[in-house]
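Coordinate inspection notes
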Amino acid sequence: MRGESGRAEAAGLFLERENNMAAVELEWIPETLYNTAISAVVDNYSRSRRDIRSLPENIQFDVYYKLYQQGRLCQLGGEFCELEVFAKVLRASDKRHLLHHCFQALMDHGVKVASVLANSFSRRCSYIADSDAHVKEKAIQFGFVLGGFLSDAGWYGDAEKVFLSCLQLCTLHSEVLHCYRAVECCVRLLHVRNGNCKYHLGEETFKLAQSYMDKLAKHGHLANKAALYGELCALLFAKSHYDEAYRWCIEAMKEISPGLPVKVVVDVLRQASKACVVKREFRKAEQLIKHAVFLAREHFGHKHPKYSDTLLDYGFYLLNVDNICQSVAIYQTALDIRQSVFGGKNIHVATAHEDLAYSSYVHQYSSGKFDNALFHAERAIDIITHILPEDHLLLASSKRVKALILEEIAIDCHNKETEERLLQEAHDLHLSSLQLAKKAFGEFNVQTAKHYGNLGRLYQSMRKFKEAEEMHIKAIQIKEQLLGHEDYEVALSVGHLASLYNYDMNQYEDAERLYLRSIAIGKKLFGEGYSGLEYDYRGLIKLYNSVGNFEKVFEYHNVLSNWNRLRDRQFAVADALEDVNTTPQQTQERDLDRSNKRKKLHVPRLVNLPELMLRRGFLCVRVCVRIHKQNPGGPSALLMVTSLTPTCSYLSVDGSLPSSAK
């Protein structure tokens, strides 16, 4: 027994010596010998457990990681659940991504290591309440590291408990140092409460931070407010208070100064970009988010969770400026990073799945191929329900996305029974999302309005037209009061109500007025080539065909043809990641080089016309099938294809070719 322990101790001493040995002397040996020694220690883990804890943190972590690799999670959990052991492991900061692997594996295995550590730290803080300031300061610093790790890993509830314990220690002294610590603690606490959708508590945390700021000011001290204002911007954005979020993001930007941690700068840029997106200041949003992505990649690396955070916000920007294809690619990259870092059933992975689900749904809307979007939506819901309570607000968004997808699948379904089942499931999901949103935000909120609009579309598919009209009008009224009469969200709801009046209720005058309003807003915000204009143009063609105004039918056929040509001429970013991962100077040189090449060759951009025709054909047939299923007594799908598609204008009304075309 003693011999085995001695051998393990000797192996540990060898590891320490080997770790410090100059690589120049043994260029080919260290890695092989080191791994062999690690394996020897792990093989004798039960006998050498105490000796392992005396090793330097990097070596100690490598032993634990070997336990993880061998699937010995119960033994690993026993180690990580001890606060002193985990504190030492956290000091191996260069192996943080590997620590996330181990930690998530334990959580998936059922070892509640996050809550065990949080409870242990909370008890320790209560024990040292009467100790001197130095002891408390040391505990607070460790709490910041532990809570920061739990927050980064997505275990917001446990991180909140750690930060609350730190805050309690800060309040026991009135020195300037403890005021600074209290402000820092409030910023971290606000972040985890935002992440956990505890917005009411988040507002209280911000007010508390301000009170500590005031105390510091009275003593002639100033604390940088960039991080605090950035978190407030995130809180206001989540609550759809977009004007206030925009105002506070400007204040946060003013606080950026030399020496500020890169993480803070990146997060402020991210929040400012999102605030600019919803205010439709796309030029500013683009510059802010591209700079954030570049900074994150340069400072943290392309496999770091912070880089994936910036990519998700970049995808949000691309989706909102109608660059849907690139947004899907960016969201997929962000998901890949988060899965490689966290894996398993992690909240960060779930949110990435949801974002990718929605962008895929939008991207594949014209083709009707929603398998990929549905997979990611269901994956997001599965992860969230495994981690959080069934009434958690984070489920509202994921359920909404899945409901939208199910509705489209139902419309394309040829089996009436399956169609009704899918529509009912979508209805239940939408109602659940609406109730969660109303509970969190109240009636008068953009998120609530979006859920009303989604229900309106669903009721239209279910042929409940009066209920659909009521939902759309509610959505429009709330959005107009909160966002103004010319916002993108308002245009969406206006276009949906126009579609209802046009295709199902024969209220053509109202439909025409609403279509024209939706078109005007879309052009003003996004220009003549905005993708959403297609649906309004096709709606007007159908409307004018129904009322016999063939002059207008011909006019909007031409408008739609011009729109198609304009879309074909628009350049997409060849690689969105390349676009943000180069310096401004490199970007300028690259764009100039591309421009010169085009001028030199005098070759116009080639368009894959068969692919374009096929894509538009899918969209046209898809729209017409949807209309025909909702209105079986109306014109045939073939007739509607004829009236809605300029490329099919050579067909006669009965579907045969006119003699001139034969």
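Residues numbered from 1 in each chain as written. Predicted model: local features only at pLDDT ≥ 70, side-chain atom pairs only at ≥ 80, totals over all residues. Heavy atoms only, no water.

1. Here's the deal with the side chain of histidine 472
What counts, and what does not: Only DSSP runs of H or I reaching four residues or more are called helices, and only runs of E reaching two or more are called strands; each is numbered from the N terminus. Note on classification: 1.4 Å probe, protein chains only; a residue is buried when its accessible area is under 20% of the maximum for its type, exposed when over 50%, partly exposed between these limits.
If you trace the backbone, histidine 472 turns up in helix H24 (residues 465-483). Judged by relative accessible area, histidine 472 falls into the buried class, the value being 0%.

2. Observations concerning the nonpolar core
Using the following cut-off: Residues enter a nonpolar core if they are buried and are Ala, Val, Leu, Ile, Met, Phe, Trp, Tyr or Cys, with the set joined through side-chain atoms within 4.5 Å. Residue contacts are counted whenever heavy atoms from the two residues lie within 4.5 Å of one another.
Of all hydrophobic cores here, the largest spans 135 residues; its most connected members are Phe80, Phe86, Phe103 and Leu146. A total of ten residues in this core trace back to one element, the largest contributor, which is helix H15 (residues 262-278). The residues touching phenylalanine 80, leaving out its near neighbours within four places in the chain, are Tyr64, Phe86, Val89, Leu99, Cys102, Leu106, Val113 and Leu117. Counting residues in hydrophobic clusters, the runner-up holds 54 residues, among them Tyr459, Ala475, Tyr530 and Tyr556.

3. So, the confidence of the model for the protein
The condition that has to hold: Along the chain, pLDDT gives the predictor's confidence residue by residue, from 0 to 100.
Taken as a whole, the protein shows an average pLDDT of 83; of its residues, 81% reach a score of 70 or greater. For the stretch residues 590-625, pLDDT sits under 50, and the model shows 39 contacts to residues farther than four places along the chain or on other chains. Scored below 50 in pLDDT, residues 632-662 makes 46 contacts in the model with residues more than four places away or belonging to other chains.

4. Digging into the packing of helix H13 (residues 226-238) against H15
Axes are the key here: two packed helices are described by the angle between their axes and the distance separating the axes. This is how the line gets drawn: For helices, the axis comes from a line fit to the C-alpha atoms of the stretch in contact; other axes are also lines fit to C-alpha atoms, and the angle between any two N-to-C directions lies between 0 and 180 degrees. Crossing handedness follows the turn of the near helix against the far one: under a right angle anticlockwise gives a left-handed crossing, and clockwise gives a right-handed one.
Two elements in contact, H13 and H15, have axes whose closest approach is 9 Å; the angle formed by their N-to-C orientations is 35°. H15 is crossed by H13, and the crossing has left-handed handedness. Packed against H13, whose contacting residues are Ala226, Ala227, Gly230, Cys233, Ala234 and Phe237, the element H15 presents Val264, Val268, Gln271, Lys274, Ala275 and Val278 at the interface.

5. A short note on helix H25 (residues 488-503)
Where we set the bar: Here the expected length of a helix is defined as 1.5 Å per residue gap, with one fewer gap than residues. N or O atoms closer than or at 3.5 Å make up a polar contact, with two conditions inside protein: a donor-capable atom paired with an acceptor-capable one, and, for residues adjacent in sequence, both atoms drawn from side chains.
An ideal rise of 1.5 Å per residue puts 22 Å on 16 residues; H25 measures up with 23 Å between its terminal C-alpha atoms. Counting buried residues in H25 gives 14 out of 16 residues, a clear majority hidden from the surface. A side-chain oxygen of the first residue of H25 lies 2.9 Å from the backbone nitrogen of glutamate 489; this N-cap is aspartate 487.

6. Topic: the UniProt feature "repeat: TPR" (unreviewed entry) in the protein
The condition is simple: UniProt positions are given in the numbering used here, feature names are shortened, and annotations may be inferred rather than shown by experiment.
This chain's UniProt record puts "repeat: TPR" (unreviewed entry) on residues 449-482. For residues 449-482, the helix share is 91%, the strand share is 0%, and the end-to-end C-alpha distance is 10 Å.

7. Observations regarding H24
Across its 19 residues, H24 extends 26 Å between first and last C-alpha, which sits within 8% of the 27 Å expected from 1.5 Å per residue. Taken as a whole, H24 has its buried residues at Phe465, Ala468, Glu469, Met471, His472, Ala475, Ile476, Ile478, Lys479 and Glu480. Where H24 ends, the next residue or the one after it, glycine 484, has phi of about 95°, a positive value.

8. A short note on the pattern of salt bridges
In plain terms, the rule: Salt bridges are counted wherever a side-chain nitrogen of Lys or Arg sits within 4 Å of a carboxyl oxygen of Asp or Glu.
In this structure the tally under the stated criterion is 37 salt bridges. The residue arginine 188 makes a salt bridge to glutamate 184 at a minimum N-O spacing of 3.2 Å. Of the two residues, arginine 188 and glutamate 184 are both situated in helix H11 (residues 176-195); the distance of four residues between them amounts to about one turn of the helix. The exposure class assigned to glutamate 184 is partly exposed, which follows from its relative accessible area of 29%.

9. A look at the environment of aspartate 487
Here aspartate 487 is to be found in the loop between H24 and H25. Placed 209 residues apart in sequence, aspartate 487 and valine 278 show a C-alpha to C-alpha distance of 9.0 Å. In contact with aspartate 487, other than residues within four places in its own chain, are Val278, Arg280, Ile521 and Leu525.

10. Remarks on the packing of aromatic side chains
Stated precisely, the cut-off is as follows: Each Phe, Tyr or Trp ring (for Trp, its six-membered ring) is paired with any other whose centre lies within 6.5 Å, and the angle between the two planes then decides the class: stacked below 30 degrees, edge-to-face above 60, tilted in between. Definition used: whenever NZ (Lys) or CZ (Arg) falls within 6 Å of the ring centre and also within 35 degrees of the ring normal, the charge is taken to sit over that ring.
Under the counting rule described, the total for this entry stands at 23 aromatic pairs. With a centroid separation of 6.3 Å and an interplanar angle of 5°, the aromatic rings of tyrosine 314 and tyrosine 317 are classed as stacked. Residue tyrosine 314 and its partner tyrosine 317 are both found in helix H17 (residues 305-320); the two are separated by three residues, about one turn of the helix. Here the two residues tyrosine 314 and tyrosine 317 agree in accessibility, since each one is buried. Taken together, the ring pairs in this structure connect Tyr64, Phe80, Phe86, Phe103 and Phe149 into an aromatic cluster. Stacked on the ring of phenylalanine 144, the Lys or Arg arginine 188 has its end atom at 4.7 Å from the ring centre. Across from the ring centre of tyrosine 358, 5.2 Å away, lies the NZ or CZ of arginine 400, which sits over that ring.

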